[in-house]
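# Survey of secondary and tertiary structure
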Amino acid sequence: MDANKAAKKLFPELKNLIPGDAVEGVERFKNTTELSIQRGNETRFYKSTQTCILQDRIVKGICIVLHDVTENEKLLKKLRIQASFDPLMNIYNRGTLFEAAKLMLNSEKAKQLSYALLMIDLDFFKIVNDTYGHFAGDLVLKTVVSIIKKTFRKDDIIGRYGGEEIVVLLENISVEQTFRIAEELRKIIENTPISYQNHTINITISIGAAHSPVGESHSFENMLDRADAAMYEAKNSGRNRTVAE
Ligand code: GH3
Ligand code: MG
Ligand code: MG
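Throughout what follows, the structure given in this document is the object of discussion. (Residues numbered from 1 in each chain as written. Chains lettered and ligands numbered in written order. Predicted model: local features only at pLDDT ≥ 70, side-chain atom pairs only at ≥ 80, totals over all residues. Heavy atoms only, no water.)

### Some words on the sheet that holds strand β3 (residues 58-68)
- The sheet built from three strands is open, its strands ordered β1-β2-β3 with antiparallel pairing. Two strands in the sheet have a free side with no partner beyond their single neighbour: β1 (35-39) and β3. For this sheet the average axis-to-axis angle between neighbouring strands, irrespective of direction, equals 35°.
- Bridge count for β1 against strand β2 (residues 42-55) is five bridges, and the pairing is antiparallel. Looking across to β2, one finds that Ile-37 is bridged to Arg-44.
- On top of the sheet, helix α2 (residues 70-84) reaches β2 and β3; it is set at about 130° to β2, its chief contact. (Pairing = 2+ DSSP bridges. Helix = DSSP H or I, 4+ residues; strand = E, 2+ residues; numbered from the N terminus. Axes fitted to C-alpha atoms, helices over the stretch in contact; angles between N-to-C directions. Contact = heavy atoms within 4.5 Å.)

Here you go:
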């Protein structure tokens, strides 16, 4: 029926509201629980409370009050990212890795697909920290992760499993393809010298791979165990290699 100055400023279409019209007729008010408007490059978010206006016990109208909750939304978004991602590597943290992997492996389509899990660990990484310091170590980790991200597909799940151990879960992939992509990654990292101040740091990785074929019930824990054992075999047999169990 009416809107105050502030509401008309935010939603100019309210100026065209004819007294008696339902506010839901205005496109943007169809869903008043989550309204957002673009102001320049900024999106502002509003939550509404609605109160019925009664006259002789008959609903004559609704009073909608919009609350600007943009700052809360921004904070929530930041907190969600902080709770789900590893701040150094910018990949899933351990908790999110487990959640995302289980969601993927227990999905309906998982029954028709195969999966592979790679456990990746940097070789002699302690020496990098001890020789060049933790800052250099962090830079090496970030560089390795950025190569990992480029090597795998968008839907593959990448997460920080432990210290400098990274897990990748791959969907719809054969044993041969798994080995091939793991080796491709290993070679790229081996051939990517990392510059730090006036030093060049060469790093290698060891990879353990586990496969779960179509038709099996895919268990994340079981694949982790097998990939972990394979990774230790890669370490024990000389490092800088892929072992598929
Ligand atoms: P190996 O070839 O047997 O794996 O030898 P390694 O020296 O890499 O041994 P290990 O995997 O046990 O060591 C992991 C090291 O990684 C120990 C820890 O100080 C370091 N590390 C773990 N997380 C971080 C991190 O976020 N930043 C830095 N700079 N170092 C880290
Ligand atoms: Mg290591
Ligand atoms: Mg380790």
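### A closer look at the site of ligand 1
- Residues in close proximity to ligand 1 total 17 residues, the closest being Asp-121, Asp-138, Arg-160, Lys-235 and Arg-239.
- Here a nitrogen atom of ligand 1 and a backbone polar atom of His-134 are 3.3 Å apart.
- Within the contact set of ligand 1, a nitrogen atom lies 2.7 Å away from a side-chain nitrogen or oxygen of Asp-138.
- Protein chains shield 73% of the accessible area of ligand 1, which is 640 Å² for the free molecule.
- Listing elements by their share of the shell around ligand 1, those giving two or more residues are β4 (115-122), α4 (125-132) and α5 (134-151).
- The element contributing the most residues to the shell around ligand 1 is α5, with four residues. (Near = heavy atom within 4 Å. Polar contact = N/O pair within 3.5 Å; in protein donor to acceptor, adjacent residues only side chain to side chain. Areas by Shrake-Rupley, 256 points an atom, 1.4 Å probe, with all protein chains shown as cover.)

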